[in-house]
Amino acid sequence: MSKINIKKAIVSVSDKNLLDKIGKYFLKYGIVVLSTGGTYKFLKENFPNLKIKEIAAFTNFNEILDGRVKTLHPLIHAGILANKENPSHLKQLKQLGISPIDLVVINLYPFEKISTKKKSSRTECIENIDIGGPSMIRGAAKNYKSTAVLTSPEQYENFIREAELNNNHISLNTRKELAKLAFCKTAYYDSLIANWFLKKDELLGIGQSSVPLKKERSLRYGENPHQKASIFSFGKNKITKISGKDLSFNNICDLEIAMELAEQFNAPSCVILKHGNPCGVALNNRQTLAYKKALLCDPISAFGGVVAFNQSLSKSTAKEILKLFTEVVVAPSFDDDALKLLINNKKNLILIQYFSTREKNLFSIKSTRNFLLVQEKDQLVVSKNDIYMKTKKKVNNKHLEDMIFGFIVAKYVNSNAIVLVENLSTLGIGIGQTNRIASAKIAIEQMKKNFPKAKAILASDGFFPFPDIVELCSKNNISGIIQPGGSLNDELVIKEAEKKNIPMAFTRSRHFKH
């Protein structure tokens with residue numbers, strides 16, 4: 001059927017936002033409405049002249065089991081699923097005294113909201129698993145040729161506009177698009193429930209499950225202008241754009257990494273990141289100084305990058321940021337003066353407020369040509385108790401703090417990663433080379449250019465396969481090395497460190513990032 005005339009609707013919503021718009025539409029076109037509970041009460045009170053009937057009165061079967069069973073009835077589902085182009089279906093409806101239902105307006109019990117509240121009991125979560133709602137949505141979506149389905153208040157306005165332009169008729173194309181969205185809605189809803197039931201190990205192990213993803217919006221394009229792209233979330237959007245131009249695919253990738261690295265530290269931190277890799281990181285109790293020190297590491301790469309902080313952005317730091325072209329600034333909050341300064345001076349500068357992501361059991365997702373890979377997030381953070389000195393020469397507390405700082409930064413650098421640090425600031429970063437000594441040479445060259453007198457700590461995300469990096473360190477004022485260990489040549493590497501009088505520590509954990 002190219003168009004259907006909306007004569008009868010069923011409405012049952014937990015989210016009553018914009019329900020008054022639907023009520024006015026029903027009243028205007030004399031649409032017969034079947035409804036339940038709070039939805040029926042709302043429509044009856046606000047639209048006393050509406051042709052509305054409770055579902056229990058229509059089916060002549062009262063709700064049972066504390067409301068668990070109310071819409072699960074043949075009179076309801078036959079009306080939703082009947083194919084109006086099938087004479088046999090229409091004959092059966094007539095024999096049973098059932099009129100077709102042309103429109104289903106459903107939004108589901110708020111399982112997502114309830115299940116993510118810390119105070120919600122297991123019983124509350126279970127009772128917020130909708131059964132009748134998804135059944136009606138799926139039925140209407142399956143039967144889109146004869147039935148329209150609305151699953152979100154956001155859809156009401158366009159639906160009503162089309163109805164008003166077409167004498168209360170809805171096109172096949174619109175019904176098909178609404179059906180697509182309906183199946184996406186139930187798929188996401190079921191994936192939330194499945195993953196709530198599953199333990200983390202079941203999700204990553206033998207348990208069959210889906211990953212709950214919700215489309216937020218389409219993007220202008222992907223990594224390049226010729227690639228289409230969209231953004232999906234896990235349901236909890238932790239970022240809010242305050243000002244500036246639209247976020248791009250690459251902006252989102254970069255700001256997520258930058259803010260996650262900034263959050264690794266309790267002390268005030270600044271992370272400058274470009275093309276997926278940090279190009280400057282520093283800690284300092286004075287935020288402005290942390291920014292300046294981070295910038296010194298690689299001011300060329302910082303141009304057009306993302307800058308992230310783990311504390312509210314101050315006005316003095318904002319003044320410094322304005323001196324260099326920056327694409328995105330990310331912080332948990334912005335001082336009023338800082339916000340005003342940045343907005344007034346850089347209208348295109350993207351300002352992002354983010355909310356803490358320090359949650360347990362987060363997952364990392366990556367796609368390949370043929371697979372979607374899901375793994376547990378790398379949340380390991382080394383502490384002093386995780387450091388094992390392998391040389392006779394030890395390090396003082398200051399160098400130990402630099403070791404830990406450098407190893408944390410290395411976790412966010414594409415492997416092979418080498419990070420040179422001094423006084424809780426990066427001095428050189430070697431990124432993504434296919435052999436570790438090449439990364440070390442890049443980091444050292446960068447350090448020598450910007451900090452010729454430095455005596456840095458070297459942090460590596462993976463073990464040293466050969467002693468050659470130690471030899472390189474001895475020629476370039478490296479005052480300590482931290483690496484995971486685990487190579488077949490560990491003893492040779494340690495022996496070389498002893499020979500060169502360079503203290504070396506193992507963490508026994510690596511941080512490859514691909």
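Source: prediction; values computed, not measured.

Cut-offs applied
- Residues numbered from 1 in each chain as written.
- Predicted model: local features only at pLDDT ≥ 70, side-chain atom pairs only at ≥ 80, totals over all residues.
- Heavy atoms only, no water.
- Helix = DSSP H or I, 4+ residues; strand = E, 2+ residues; numbered from the N terminus.
- Buried < 20%, exposed > 50% of the residue type's maximum accessible area, 1.4 Å probe, protein only.
- Polar contact = N/O pair within 3.5 Å; in protein donor to acceptor, adjacent residues only side chain to side chain.
- Contact = heavy atoms within 4.5 Å.
- Axes fitted to C-alpha atoms, helices over the stretch in contact; angles between N-to-C directions.
- Parallel < 35°, antiparallel > 145°, perpendicular 65-115°, else oblique.
- Nonpolar A, V, L, I, M, F, W, Y, C, P; charged D, E, K, R; others polar.
- Phe/Tyr/Trp six-rings, centres within 6.5 Å; stacked < 30°, edge-to-face > 60°.
- Lys NZ or Arg CZ within 6 Å of the ring centre and 35° of its normal.
- Salt bridge = Lys/Arg side-chain N within 4 Å of Asp/Glu carboxyl O.
- Pairing = 2+ DSSP bridges.

J.: Would you mind going over unusual backbone geometry with me for this structure?
T.: Comment: phi is negative for the bulk of residues other than glycine, and the bulk of peptide bonds are trans. Residue Asn416 is reached from Ser415 by a cis peptide bond, and omega for that bond is 0°. Within the secondary structure, Asn416 sits in the loop between α17 (397-410) and β19 (418-422). Unlike most non-glycine residues, Asn167 shows phi in positive territory, near 55°. Relative to the elements of secondary structure, Asn167 occurs in the loop between α9 (156-165) and β7 (169-171). Judged by relative accessible area, which is 60%, Asn167 ranks as exposed. Notably, Leu424 is not glycine yet its phi reads approximately 60°, a positive angle. With respect to the helices and strands, the residue Leu424 is situated in the loop between β19 and β20 (425-430).

J.: Any chance you could explain the side chain of Ser415 here in plain terms?
T.: Its location among the elements puts Ser415 in the loop between α17 and β19. Among the polar contacts listed, one links the side chain of Ser415 to the side chain of Asn416, at a separation of 3.4 Å. Discounting chain neighbours no more than four positions away, the residues touching Ser415 are Gly432, Gln433, Arg436, Asp461, Phe512 and Lys513.

J.: Whenever I open this one, the packing of helix α4 (residues 74-81) against helix α8 (residues 132-142) confuses me. Can you help?
T.: For any two helices packed against each other, the geometry comes down to the angle between their axes and how far apart the axes lie. Packing of α4 against α8 leaves a shortest axis separation of 8 Å and a crossing angle of 30°. As far as their axial angle goes, α8 and α4 are roughly parallel. Of the residues in α8, those in contact with Ile76, His77, Ile80 and Leu81 of α4 are Ser135, Met136, Gly139, Ala140 and Lys142. Looking at the contact of α4 with α8 residue by residue, the class counts come to five nonpolar, three polar and one charged.

J.: How should the environment of Ile481 be read in this particular structure?
T.: Turning to its location among the elements, Ile481 is positioned in strand β22 (residues 480-483). Ile481 gets classed as buried once you look at its relative accessible area, which sits at 0%. On a C-alpha basis, the gap between Ile481 and Ile22 in space is 67 Å, while along the polypeptide they are 459 residues apart. Those residues within four positions of Ile481 in sequence are excluded, and the remaining contacts are Met403, Leu458, Phe464, Val470, Cys473, Ile502, Pro503, Met504 and Ala505.

J.: Honestly, the packing of aromatic side chains in this entry has me stumped. Any pointers?
T.: Two aromatic rings are characterised by how far apart their centres lie and by the angle between their planes. Applying the stated criterion across every chain yields a total of seven aromatic pairs. On the numbers, 5.2 Å between centres and 55° between planes, the contact of Phe303 with Phe325 is tilted. Here Phe325 lies in the loop between α15 (315-321) and β14 (328-331) and Phe303 lies in the loop between α14 (299-302) and β13 (306-309), a separation of 22 residues in the sequence. Aromatic rings pair up to connect Tyr25, Phe26, Tyr29 and Phe159 into one cluster. Cation over ring: Arg508 sits above Tyr388, and NZ or CZ is 3.8 Å from the ring centre.

J.: Please clarify how the pattern of salt bridges should be interpreted in this entry.
T.: Oppositely charged side chains are able to pair whenever their charged atoms sit close together. Taken as a whole and assessed by the stated rule, the structure comprises 13 salt bridges. A salt bridge links Lys245 to Glu327; the nearest nitrogen and oxygen atoms lie 3.1 Å apart. Placement of Lys245 in the loop between β10 (239-243) and α12 (249-262) and of Glu327 in the loop between α15 and β14 is noted, with a sequence separation of 82 residues between them. For Lys245, a relative accessible area of 34% gives the class partly exposed. A residue is classified by how much of its surface remains accessible, and Glu327, at 15% relative accessible area, is buried. One network of salt bridges, with partners in common, ties together Glu471, Lys475, Glu496 and Lys500.

J.: Just checking my understanding: could you explain the sheet that holds strand β4 (residues 52-54) for this structure?
T.: Either a parallel or an antiparallel arrangement is found when strands of a sheet pair, and the pairing is made through backbone hydrogen bonds. Taken in spatial order, the five strands make up an open sheet running β4-β3-β2-β5-β6, and their pairing is parallel. Each edge of the open sheet is held by one strand with a lone partner, namely β4 and β6 (148-150). Within this sheet the neighbouring strands show an average axis-to-axis angle of 20°, counted without direction. Bridge analysis of strand β3 (residues 32-35) against β4 gives three bridges, and the strand direction is parallel. Opposite Leu34, over in β4, you have Lys53 as the bridge partner. Where helix α1 (residues 19-29) meets the sheet, its contacts fall on β2 (8-13), β3, β5 (103-107) and β6, and the angle it forms with β2 comes to roughly 165°.

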